[in-house]
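Notes for the structure review
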Amino acid sequence: MELEAEIARLEGDVAGLGEAVDLDAMAEQLAQLKLKLTEAETAEATARTAAGKAETALAGARAKLDTVIEALPEGLRTPEAVVAQRKALQREQRQLSEALEVATQQDRAASETLTRAHEQLEAAKRARDAQQQRVKKAQGDFDARLTEVGLDKAGYDACKSHFPTLDADPKKVTDHRDGLIAARTTLQNAIAACADRERPDLAPLQLALADATQTLNAANAALATARTDVSSLTKFKESLAAALTETERLETETGPLRGLADLANGKNDFKMTLETFAIGAMFDQVLEAANMRLDPMTRGRYRLMRGLEASGGRGKRGLEIEVFDINTGKARPTATLSGGETFIAALALALGLADVVESLSGKIRMDTIFIDEGFGSLDTENGAGTLDQVIQVLAALTEGNRPIEAACLTKAG
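Read on for an overview of the structure.

What counts, and at which threshold
Residues numbered from 1 in each chain as written. Predicted model: local features only at pLDDT ≥ 70, side-chain atom pairs only at ≥ 80, totals over all residues. Heavy atoms only, no water. Core = buried A, V, L, I, M, F, W, Y, C linked by side-chain atoms within 4.5 Å. Buried < 20%, exposed > 50% of the residue type's maximum accessible area, 1.4 Å probe, protein only. Helix = DSSP H or I, 4+ residues; strand = E, 2+ residues; numbered from the N terminus. Polar contact = N/O pair within 3.5 Å; in protein donor to acceptor, adjacent residues only side chain to side chain. Contact = heavy atoms within 4.5 Å. Pairing = 2+ DSSP bridges. Axes fitted to C-alpha atoms, helices over the stretch in contact; angles between N-to-C directions. Patch = residues over 30% accessible without salt bridge, like charges linked within 9 Å, V, L, I, M, F, W, Y side chains within 5 Å. Areas by Shrake-Rupley, 256 points an atom, 1.4 Å probe, with all protein chains shown as cover. Salt bridge = Lys/Arg side-chain N within 4 Å of Asp/Glu carboxyl O.

A word on the nonpolar core
In terms of nonpolar packing, the biggest core is built from 19 residues, with Leu294 and Leu304 touching the most fellow members. Elements with a contribution of two residues or more to this core: helix H7 (274-297), strand E1 (302-307), strand E2 (320-325) and helix H8 (339-360).

Section: the side chain of Asn291
Its place among the elements puts Asn291 in helix H7. Among the polar contacts made by the side chain of Asn291, one reaches the main-chain amide nitrogen of Leu304 at a distance of 2.6 Å. Here Asn291 is in contact with Arg303 and Leu304, once residues within four sequence places are set aside.

Notes on the sheet that holds E2
Here we have three strands laid out as an open sheet, ordered E1-E2-E3, and antiparallel in their pairing. The open sheet has two edge strands, E1 and strand E3 (330-333), and neither has a second partner. The mean angle between the axes of side-by-side strands here comes to 40°, regardless of whether they run parallel or antiparallel. In terms of strand pairing, E2 meets E3 through four bridges, oriented antiparallel. Residue pairing across strands places Val323 opposite Arg332, the latter belonging to E3. In the packing of H7 onto the sheet, contacts are made with E1 and E2, and the angle to E1 comes to roughly 170°.

Things to note about a nonpolar patch on the surface
On the surface, Phe236, Leu240 and Leu244 cluster together into a nonpolar patch covering about 300 Å² of accessible area. Position of Phe236 relative to the elements: it lies in helix H6 (residues 202-264).

Section: the pairing of E2
Side chains Ile321, Val323 and Asp325 of E2 all project onto a buried face; the interleaved residues Glu320, Glu322 and Phe324 project onto a face where none is buried. As judged from the six bridges shared by E1 and E2, these two strands associate in the antiparallel manner. Its bridge partner being in E2, Gly307 is matched across the sheet by Glu320. Turn length for the E2-E3 hairpin, with the two strands adjacent in sequence and antiparallel, is four residues, and the turn residue Gly329 shows positive phi of about 75°.

What to know about the pattern of salt bridges
Tallied over the entire structure, the rule returns twelve salt bridges. Here Glu148 and Arg145 are joined by a salt bridge, their closest N and O atoms 3.1 Å apart. Residue Glu148 and its partner Arg145 are located together in helix H3 (residues 79-149), separated by three residues, close to a single helical turn. Look at Glu148 and you get exposed, because its relative accessible area is 58%. Among the salt bridges present, the one from Arg249 reaches Glu246, with a minimum N-O distance of 2.2 Å. Of this pair, Arg249 and Glu246 both sit in helix H6, three residues apart, which is roughly one turn of the helix. A relative accessible area of 36% places Arg249 in the partly exposed class. Within the structure, one salt-bridge network assembled from shared partners comprises Glu246, Arg249 and Glu253.

Dropping the structure here:
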């Protein structure tokens, strides 16, 4: 039973394998397939080799293409440019074709015109030959006529120049004859008038004539020179008048500007330049600030002011300092101050200048004042004099956080 079951199973397996196959045929097919596979592999290797060669050829072709493209004009390196150029060339070809057609028609018309011209030329040659025959016959007749009247060619040419004046020549002959008769009559009258007279010596007269001629020539030369000079002077006068007119116009136009320039350059009632005026205006501020310091130090006696006159020819006009004395009611030069008063005035000026500089420029501040000397020249005036007033002013400055360095604060110093 087991054997039958095994046989049945094997038969089932065989049946599952399908129909029976011819192994020899399969082996033959397998051999053919292997052969085809070998051929395919060979073909593939050949194809690969060909593909490599093709890629190499393609790279070379591309390189050649790039070389050719680089060699081409810049406007023909793209297909679009080539198409545009081709269209342009086609348009140009059409235009040339049309021009060729027109030229052909014109050439045909010119050929026809040339043919007609040749015909006209032949007719003209025939007319010329006939005219030459007529001229030759006329020349022969003319020569025969000259022979008849006894003239040759030279004689005829000499007479021909008188043809234009044939009408006027008889009158000239008549006038000449009349003039000759008049001259002969005048000669006979002169001979008769000179019959009883002696011939004068002409040498002195000729010499006098030569001298008079030389003098006349010199006078004419002088006259020409004078006329030239007069012409030059007239032109110079006209140019000078034009220049004066232009100068007057320019002076009129620039009068206000020149007046302003003169004022700025010191040509004014105060003889003061613009620079000096500006400095003087600033100087007035300095003097005003200095007087605020000087007043308490002098108990209101002195006041600094700017003088308008330069002293002794030194300095600029309007920049001199005078001191007004309240006791005398007059202003006097600063040179009349005593040593102590001069020191006080100088100190007041220095303080006033510092105040003005600080007021005009907020970025500058005079925080420290250094006084070298001068206190020894101040008097005390019964213990409450100028020295005390100066010290009080300086003490007021120190209250504003402004340090003061003094080299000496004693009268002995």
